Amino acid sequence: MSEKTVSDSMSSGDGLPPVESPWVKRVFSAGTFNFAVATAAALIMLIPVGMATVWLGIIKGESPCILCGQERFGMVLIALSALFILRYGPHRKYYAMLILAAFFYLYTTVRHWSNFFVFDTNQGLAESVLGAHTYTWGVFTYWVVLACAGIGLFWLGRNEKLREQFGARRPTAQPISRYAKVVGVVIIIITLLNSAQFFVINGPPPFSGTGCGSGRCPQRFTWDITKTAPNWRMEVWERFKMPTLDGHSPDMVHIPGVHQVSGLKTGSAEGSPMAPTGKLEVLDSTPLGFEATGQFGQGRAGGIAYDEDSGLFGIVSTAGGLYYTNDDFVTVEASAIIDRVNGWDITHTADAMFFGPGKLVAMAWNKTLYGSELLPPDEVDPDEAWMDYLESTGNLGSAFGVKQRMRLVTTRAKAAFSLAVAKDDTSDGYLLVSVPSKKNKSIVIAQYGKNHKLVREGVLKANDEDMKVEDYYPVSAEIADGKLYVLSKTYQSLLVVDPKTNVLEATYELPEIGDYHGLTVKDGVFYILSDVDGKDTVFTVSMPK
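Residues numbered from 1 in each chain as written. Predicted model: local features only at pLDDT ≥ 70, side-chain atom pairs only at ≥ 80, totals over all residues. Heavy atoms only, no water.

(A) Broad picture of the overall build of the protein. When helices and strands are counted, the protein shows ten helices and 25 strands. Within the protein, the proportion of its 545 residues that are buried is 48%. (Helix = DSSP H or I, 4+ residues; strand = E, 2+ residues; numbered from the N terminus. Buried < 20%, exposed > 50% of the residue type's maximum accessible area, 1.4 Å probe, protein only.)

Here it is as structure tokens:
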């Protein structure tokens, strides 16, 4: 066939667009588009929202949590957007509203689902539908909505009338089919039923619903408002105190010079969960003879450790500084300021330990380790040192390799920060002690091997089960003579713990030594780092006999 013949077969005449078959015109017609939109709106209301409201809720008695409510609201908003499209055509503002709603509520649904996807098989909230819980189906639903919205854009490109409605300056009312009217009635009925269910279970504003993360899951559904009203809650409004993208984070912990926590029981051991066995004594005190700063000249001394092999103390800055000093705490033998802002987050450093001869390791509040190793200057690669350190005395290499930091994984302390780490020479590993929080009220003691892998973890406990040991506030730790010693910010106490059983064996009242937050041992004496009226000071304190 000649080139002209081919061209003639694809067009209705010279210079005219190709002729589409009647089937293609019918598929991409405005009527078919509106039918598809109406059907999609009906399906999203009848299946996920309708089943959750009528079958799971009213019939089976399952009540939605606050996040379930957000997911359903998003689906209702999408269905209402579809109604506007049916009435006024696919004008860009209605189409954009639908897509933005799908994106936003996909995020909230993934936020909900992510709380549970790490659980063991079939664990989760409420009953499952075809093997998946409702929040999992929510993720699937919103992905389908976005996929359908994308397909709809191709549709608009094939129909001139739809294109005109999409790009019109102002939307104009269009005739609406009987089928679309029925869909609208269905949407209104299910929305009202859903609203009634939420009103009975969660109450009118400002009551805001509950969630199992708050420790009190929604009660079963009943129309008897006298049974539901006593359980109406406003706890969700507490989340607006501090805007954050990370709803999993516990409250910020106490780090001198970084963040001050108010309301802690400090100043004496009076009223402590375990009565002190005795009181320790101050032997001496020495102000730091240098400023233990970090990047940008910020920070102050955050932790202290002692290295028997080199006879040096290590002082780490809250902002990424590493200092090797003699016991006069004036002479600095080596120092470096780490490139804090590149790599795993180590914004706030809280404690220190020596992980081998000359290997000073700092721990950030989020359970991330970094550090340096004391080396002869000719063994330090200047290019590698430049990558690790913003400043250096030239005799420090990296503790774990260039730009390497160790993120410690826990199971029981995921929702807790840590201010205390202690080297265990008997196992070549170390222990981490978490700070109790509203999200994780226990004090978790986690043991790691020399490869930084979790070996075991448990909760600090006492022989008396009624003792509230979680009222202590660990700010530093050290292992000596087979015991784990922990400084507690609350009750001015030193805790003595059996590291094998995690049992609190005794407590001792500390003397008045300021805002203490670092602990190490040398020659049978405690060295405690403290903030005294804004000055970093090292106290020597007697150990328990």
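So, next bit.
(B) Seen up close, a nonpolar patch on the surface. Where nonpolar side chains cluster on the molecular surface, the patch consists of Leu 43, Leu 46, Ile 47, Met 51, Val 54, Trp 55, Ile 59, Val 185, Ile 189 and Leu 193 and spans about 860 Å² of accessible area. Considering each element in turn, the nonpolar patch owes the most residues, seven residues, to helix H3 (residues 30-59). Here Val 185 lies in helix H8 (residues 178-202). By relative accessible area, which is 46% here, Val 185 ends up partly exposed. (Patch = residues over 30% accessible without salt bridge, like charges linked within 9 Å, V, L, I, M, F, W, Y side chains within 5 Å. Areas by Shrake-Rupley, 256 points an atom, 1.4 Å probe, with all protein chains shown as cover. Salt bridge = Lys/Arg side-chain N within 4 Å of Asp/Glu carboxyl O.)

(C) Fine view of the pattern of salt bridges. Evaluation of the coordinates by the stated rule reveals eight salt bridges. In this structure, the salt-bridge partner of Lys 483 is Glu 505, at a minimum N-O distance of 2.8 Å. In this pair, Lys 483 is assigned in strand E20 (residues 483-488) and Glu 505 in strand E22 (residues 503-509), connecting sequence segments 22 residues apart.

(D) Expanded view of H8. Counted at 1.5 Å a residue, the expected span for H8 with its 25 residues is 36 Å, and the 36 Å between its end C-alpha atoms agrees. When we look at burial in H8, the residues that qualify are Ala 180, Val 183, Gly 184, Ile 187, Ile 190, Asn 194, Gln 197, Phe 198, Val 200, Ile 201 and Asn 202. On the buried face of H8, the contacting elements are H3, helix H4 (66-88) and helix H9 (225-228). (Expected span 1.5 Å × (residues − 1). Contact = heavy atoms within 4.5 Å.)

(E) Quick look at the sheet that holds strand E15 (residues 418-424). The antiparallel open sheet is built from four strands, whose spatial order is E15-E16-E17-E18. Looking along the sheet, the strands with just one partner apiece sit at the ends: E15 and strand E18 (454-459). Averaged over all adjacent pairs, the angle separating strand axes in this sheet is 20°, with direction ignored. Where strand E17 (residues 444-448) lies against E18, five bridges are found, and the strand directions are antiparallel. Counterpart to Val 444 in the pairing with E18 is Val 459. (Pairing = 2+ DSSP bridges. Axes fitted to C-alpha atoms, helices over the stretch in contact; angles between N-to-C directions.)

(F) Focus on helix H6 (residues 134-158). Taking 1.5 Å of rise per residue, 25 residues should cover 36 Å, and H6 covers 36 Å from first to last C-alpha, within 8% of that figure. Among the residues of H6, those classed as buried are Tyr 135, Gly 138, Val 139, Thr 141, Tyr 142, Val 145, Leu 146, Ala 149, Gly 152, Trp 155 and Leu 156.

(G) Fine view of the environment of Val 532. Relative to the helices and strands, Val 532 resides in strand E24 (residues 525-532). Considered as a pair, Val 532 and Pro 287 are 245 residues apart in the sequence and their alpha carbons are 9.0 Å apart. Excluding its chain neighbours within four sequence positions, the residues that come into contact with Val 532 are Ile 513, Gly 514, Thr 537 and Phe 539.

(H) Molecular detail of the sheet that holds E22. Pairing is mixed across the open sheet formed by five strands, whose spatial order is E3-E22-E21-E20-E19. Unpaired on one side and paired on the other, strand E3 (278-279) and strand E19 (474-480) mark the two borders of the sheet. As paired strands, E3 and E22 are joined by two bridges and run parallel to one another. Note that in E22 the partner of Gly 278 across the bridge is Tyr 508.

(I) Broad picture of the pairing of strand E8 (residues 332-338). Burial within E8 is extensive, with five of its seven residues counted as buried. Bridging between strand E7 (residues 321-325) and E8 involves five bridges; their strand directions are antiparallel. What sits directly across from Leu 322, in E8, is Ala 336. Counted along the chain from E7 to the antiparallel partner E8, the turn is six residues long, and its residue Phe 329 has a positive phi close to 55°. Alignment of E8 against strand E12 (residues 389-392), held across three bridges, turns out to be antiparallel. Following the sheet pairing, Ala 336 is matched in E12 by Ser 392.

(J) Just the packing of aromatic side chains, in detail. This model, assessed by the stated rule, comprises 20 aromatic pairs. Ring plane angle 20° and centroid distance 6.3 Å describe the contact between Phe 84 and Tyr 88, whose orientation is recorded as stacked. A residue pair is termed a helical-turn pair when its members lie 3 or 4 positions apart in one helix, as Phe 84 and Tyr 88 do in helix H4 at four residues. Its relative accessible area of 38% is what places Phe 84 among the partly exposed residues. (Phe/Tyr/Trp six-rings, centres within 6.5 Å; stacked < 30°, edge-to-face > 60°.)

(K) Inspection of the pairing of E24 at higher detail. Where burial is concerned, most of E24 is hidden: seven out of the eight residues are buried. Pairing between strand E23 (residues 515-522) and E24: seven bridges, direction antiparallel. Across the sheet, the residue bridging to Asp 515 is Asp 531, located in E24. The loop that links E23 with its antiparallel partner E24 comprises two residues; one of these, Asp 523, has a positive phi angle of about 55°. When E24 meets strand E25 (residues 535-542), the two strands line up antiparallel, connected through eight bridges. When the bridges of E25 are listed, Asp 531 appears paired with Asp 536. Two successive antiparallel strands, E24 and E25, enclose a turn made up of two residues, where Asp 533 displays a positive phi of approximately 50°.

(L) Examining the packing of H6 against helix H7 (residues 160-167) more closely. Closest axis-to-axis distance for the H6/H7 pair is 5 Å, and the angle between their directions is 110°. One element, H6, and the other, H7, form an angle in the roughly perpendicular class. Within the contact between the two elements, H6 uses Trp 155, Leu 156, Gly 157 and Arg 158 and H7 uses Glu 160, Leu 162, Arg 163 and Phe 166. Here the contact of H6 with H7 is composed, by residue class, of four nonpolar, one polar and three charged. (Parallel < 35°, antiparallel > 145°, perpendicular 65-115°, else oblique. Nonpolar A, V, L, I, M, F, W, Y, C, P; charged D, E, K, R; others polar.)

(M) Molecular detail of the side chain of Asp 351. Within the secondary structure, Asp 351 is located in strand E9 (residues 349-354). Buried within the structure, Asp 351 lacks any salt-bridge partner; Lys 367 is the closest side chain of opposite charge, at an N-O distance of 14 Å. Within polar-contact distance, the side chain of Asp 351 engages the backbone nitrogen of Val 421 at 3.0 Å. (Lys, Arg positive; Asp, Glu negative; His and termini not counted. Polar contact = N/O pair within 3.5 Å; in protein donor to acceptor, adjacent residues only side chain to side chain.)

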